[in-house]
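Spelled out, the chains give:
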Amino acid sequence: RGSCYDDVSHPRCLNSINVLPLVMPKNKKKKVVPPETGLSNGHQASAIVTQPDDEGDTGSVISSMDGSIFSDQDPSGFTGAVDDSSDDQEVIRMEDILLENIDMLTDKSSKTRLSALTYVDKTFCQKVVSDFLTGRVLELMEVITKGIKRASGAERCQNARMAMLLSVQLGTEFDLASAKPVLTTAMNDASIPVMERAMCLNALGFCVFMSAIDSLEVVKLMEVFEGFYSNRRLNPSLIQAALNSWSLLLTVAPQMLIRQLVDRQFSVLQTLLGSDSTGINISSGQAISLLFELARDCDVDVDGESSEVADALHDMAADSNRYKGRKDRSQQRSCFRDFVETIEDGSVPEKHIKIGSETLKLDTWSRIIQYGALREILGNGLHAHLQSNEVVREVFSMGPIPVVTVADRYLEKMEKALISIYNRIV
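This write-up is about the structure you can find in this document. (Residues numbered from 1 in each chain as written. Predicted model: local features only at pLDDT ≥ 70, side-chain atom pairs only at ≥ 80, totals over all residues. Heavy atoms only, no water.)

Moving on, we come to the packing of aromatic side chains. Tallying each qualifying case throughout the model produces 6 aromatic pairs. Consider the rings of Phe266 and Phe292, whose centres lie 4.9 Å apart with planes at 55°: the pair is tilted. Placement of the pair is Phe266 in helix α10 (residues 258–271) and Phe292 in helix α11 (residues 278–297), with a sequence separation of 26 residues. Each member of the pair, Phe266 as well as Phe292, carries the same accessibility label: buried. Ring-pair connections join several aromatic residues into one group, and the members of that group are Phe336, Phe339 and Trp365. (Phe/Tyr/Trp six-rings, centres within 6.5 Å; stacked < 30°, edge-to-face > 60°. Helix = DSSP H or I, 4+ residues; strand = E, 2+ residues; numbered from the N terminus. Buried < 20%, exposed > 50% of the residue type's maximum accessible area, 1.4 Å probe, protein only.)

Next comes the structure, spelled out in structure tokens:
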């Protein structure tokens, strides 16, 4: 026979085992996770997670997306209209905050001024606000010129950047007559720290590039920059800034000037190739490549100079000096291989930039240098300016701003919403 303990229902088994009282679970309400908001472009998605109930639910249920993205009536989700109210409110809020920070640019506290400059800088990089600036240009120019004159350190550099960003927003409407004298004085003042002088020099070249109407203005400033990079006793930062600004202005210089520059500047640029500074070497090599490209476009004979220049560039492409860091050596070799190809067969490393439904083709050194200068100032905001800033689009001859239909805007918003939902789930 089996033991009585084999059957837990046997009376003797129950008497010998301590039986704990059974606690029945209380009926719990379904736990609801509040809808998360904040999807781009005003769309929302909510996830409701339900715990198993008394009827035997065995899994969580994820539902449901807001009807503004998908509609039961239309499987495609397109309703034919996009609600712009949230976008308009965002623009109004942005402009209010921007105006507050512009007012703080005249605050007595340098810390407050610098904080306001940083915010305005960030907004100008990311947004096209040329309409907002109507009627406020004189006020901003007064603040900028006063800051370049009287401020020091980071605040002076930030004001110089503000001048460049304002020229990106305004183009030929930028007040170059007010900015040029103070920037020229600052870059020539030996008592000012080198980095601040270099920033003012870059700002002057960039502002003239973006806003100068008279080509004579470009030619005169190029001669000033030639005096800077020809002086080997100057700080390398100033020499490199002058080289970069000179190359940028060369992209818009009159064609009749190219022959003179080939005769006058080739030997000077070649002497800079042996610099201890990797930045100066690359900037001078790029300037030589640009000058060769423009000379060939203008049917200027440069065959006599090409062999000598090509040899010098080959040496730089094979440079293995150990006193330079590995990263600097690698960058220099890569750049000079491109420069050599330009001198020997006229080829340029092509790049294609996707901008919405458009593609920007960088197939000349002129465009590469212009794109690099704008990227240096605007950072990731350059993409937005290439889409909707007429001044920047004109630099690359991209034509008028494309018209965005309601359907295009809807699809763009839906795509961003789906990406946001996917990122949250993953």
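Residues Glu358, Leu360 and Leu362 of strand β2 (residues 358–362) are buried on one face, while the alternating residues Thr359 and Lys361, pointing to the opposite face, are not. Note that strand β1 (residues 351–355) and β2 share 5 bridges and pair antiparallel. If you follow Lys351 over to β2, its bridge partner there is Leu362. Between the antiparallel neighbours β1 and β2 lie 2 residues, among them Gly356 with a positive phi of about 60°. (Pairing = 2+ DSSP bridges.)

Attention now moves to the packing of helix α4 (residues 137–150) against helix α5 (residues 154–170). Between α4 and α5, the shortest axis-to-axis distance is 8 Å and the interhelical angle comes to 150°. The angle between α4 and α5 falls in the class roughly antiparallel. You can see that α4 and α5 cross each other, and the crossing is left-handed. For the pair formed by α4 and α5, the contact residues are Val137, Leu140, Met141, Val143, Ile144, Gly147, Ile148 and Lys149 on the first element and Arg156, Asn159, Ala160, Met162, Ala163, Leu166 and Leu170 on the second. Broken down by class, the residue content of the contact of α4 with α5 amounts to 11 nonpolar, 2 polar and 2 charged. (Axes fitted to C-alpha atoms, helices over the stretch in contact; angles between N-to-C directions. Parallel < 35°, antiparallel > 145°, perpendicular 65-115°, else oblique. Left-handed = near helix turned anticlockwise from the far one by under 90°. Contact = heavy atoms within 4.5 Å. Nonpolar A, V, L, I, M, F, W, Y, C, P; charged D, E, K, R; others polar.)

A word on the nonpolar core. A general tendency of soluble globular proteins is for nonpolar side chains to be buried together. Counting residues in hydrophobic clusters, the biggest one holds 107 residues, and the most contacted among them are Phe124 and Leu250. The dominant element in this core, judged by the number of residues it contributes, is helix α7 (residues 194–211), at 10 residues. Other than its neighbours up to four places away in sequence, Leu250 contacts Met222, Ile258, Leu261, Leu290, Leu291 and Leu294. (Core = buried A, V, L, I, M, F, W, Y, C linked by side-chain atoms within 4.5 Å.)

Turning next to the packing of α5 against helix α14 (residues 365–378). Where α5 contacts α14, the axes come no closer than 10 Å and their chain directions differ by 120°. On the basis of the axis angle, α5 is oblique to α14. The two elements α5 and α14 cross, and the hand of that crossing is left-handed. Residues Arg161, Met164, Leu165 and Val168 of α5 touch α14, and the partners they reach there are Leu374, Glu376, Ile377 and Leu378. Split into classes, the residues belonging to the contact of α5 with α14 amount to 6 nonpolar, no polar and 2 charged.

Okay, the side chain of Ser167 next. Topologically, Ser167 is positioned in helix α5. If we skip the residues at most four places from it in the chain, Ser167 touches Phe174, Phe206, Cys207, Met210 and Val391.

Counted according to the given criterion, the structure contains 7 salt bridges. The residue Arg393 makes a salt bridge to Glu358 at a minimum N-O spacing of 2.9 Å. Of the two residues, Arg393 sits in helix α16 (residues 390–395) while Glu358 sits in strand β2, which places them 35 residues apart along the sequence. Taken as a pair, Arg393 and Glu358 share a single burial class, namely buried. (Salt bridge = Lys/Arg side-chain N within 4 Å of Asp/Glu carboxyl O.)

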